Amino acid sequence: MSAAMPPVRPHTHALPLRVGTRGSPLALIQTRGFLDSLTRFCPVLRDMNVFEEHAIRTTGDAVQDRRLAEIGGKGLFAKEIHEALALRLIDFAVHSLKDLETMLPPGIVLACTLKREDARDALILATPGQLADPANPFACLPARAVIGTASARRQAQLLHARPDLVITTLRGNVQTRLDKLAAGACDASLLAYAGLKRLGLAGRANVVLDPDAMVPAAGQGIVGVTVRADDTELHELLAAIEDPEAKAVATAERALLMRLDGSCRTPIGGHARLLPHGELHLSGLVARADGSFLLKRSLHGAASDAGRIGDELGASLRADSPGDLFA
């Protein structure tokens, strides 16, 4: 955003504090969970009617007939929200971290990450068949099954494991995709298990995929909050509710993304977890969308070195991948 940032507000925020979010049911649930965390930390806020929700329709939500890569990438789920933040129409914004671009607009910063929900992907079958073998979770899919997804990351890993599968684009919020699946648009789909759980739909998952079988998206299952860089008051408030483990794993995963610097067309996965004794384990993946190339590696080290671990693993993956993957 090239326009100069407006001058800083006076010392104390006017009330109510305005929170921006996408308008999907999942986004609203995540936003209300964030506000609940704030009021638990500062109970006096609960009875003051201090927060005001602003549901903002983003380009990513408005255009449903094409993949995100074709219309500008995953940052389109935050573009209009961050414009409202820069213009001081809202005070902070709540996002699914996996949908947040790695390089934020000037003057906008990621100020807080909340406790991670389950990071795994879930396989949902239109007609549940045989139970999946954890060692071979895609064996439950019939030959040449049609899989609905708009994720290059999921597509690449599916086709690498099962080249016979047919991929069709399936977009929309969680319930929309479940409805399309039930209506026969495809034989199966994949969704973030965290979203299903937050919506009370965990039972719709037929198989919850181990991260070794399907490396999740960087930031999956984490809610992130952005604010203006010059807003020290909200920075201090949000720092008090940040989850240290979420901060460490998000830092590693986003550093991996930053080093790879792939487009929305580049299938990239990143999943970090904390081990006993304060170590962090990070898995990363780079692939071709057709599954013909897939490189997966991991690295571990002190959680305090999360950024370095992500950067180092990203450099290793990039060095040994075909250059055209990042064009």
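In this text the structure is predicted, and so the values were computed from the model without any measurement. For every chain, the first residue of its written sequence is number 1, and the numbers climb from 1 along that sequence. Residues qualify for local features only when their pLDDT is at least 70, as the model is predicted, and side-chain atom pairs are given and counted only at 80 or more; totals for whole chains, interfaces and linings, by contrast, use all residues. The basis for every side-chain value is the complete set of heavy atoms in the structure, and neither hydrogens nor water enter the calculation.

1. Looking at the sheet that holds strand 8 (residues 188-192)
Taken together, the five strands give an open sheet; going across it, the order is 7-6-8-5-9, and neighbouring strands pair in mixed fashion. Both edges of this open sheet fall to strand 7 (166-168) and strand 9 (207-208), since each of them pairs with a single strand only. Alignment of strand 6 (residues 146-148) against strand 7, held across three bridges, turns out to be parallel. Bridge pairing in strand 7 links Ile 147 to Ile 167. We call two residues in contact when some of their heavy atoms are within 4.5 Å. Simply put, an axis is a line fit to the C-alpha atoms, just over the touching stretch for a helix, and the angle between two N-to-C directions goes from 0 to 180 degrees. The secondary structure listing takes helices from DSSP runs of H or I that are at least 4 residues long and strands from runs of E that are at least 2 residues long, numbered from the N terminus. Its contacts with the sheet place helix 5 (residues 152-161) against strand 5 (121-125), strand 6, strand 7 and strand 8, and it is angled at close to 130° to strand 8. Strands strand 5 and strand 8 of the sheet are contacted by helix 6 (residues 174-182), whose axis makes an angle of about 165° with strand 8. One requirement defines pairing of two strands: DSSP has to find at least two bridges between them.

2. Quick look at unusual backbone geometry
Even without being a glycine, Arg 144 presents a positive backbone phi close to 60°. Among the secondary structure elements, Arg 144 is positioned in the loop between strand 5 and strand 6. A positive phi angle, near 70°, is found at His 277, a position not held by glycine. Think of it in three bands: with a 1.4 Å probe and only protein chains considered, a residue is buried below 20% of the maximum accessible area for its type, exposed above 50%, and partly exposed in between. For His 277, a relative accessible area of 83% corresponds to the exposed category.

3. Comments concerning the environment of Pro 16
Structurally, the position occupied by Pro 16 is in the segment before strand 1 (17-21). Exposure remark for Pro 16: the relative accessible area of 28% places this residue in the partly exposed category. Separated by 32 residues in the primary sequence, Pro 16 and Met 48 have C-alpha atoms spaced 8.8 Å apart. If near-sequence neighbours (up to four positions away) are discounted, Pro 16 is found in contact with Asn 49, Val 50, Phe 51, Glu 52 and Asp 91.

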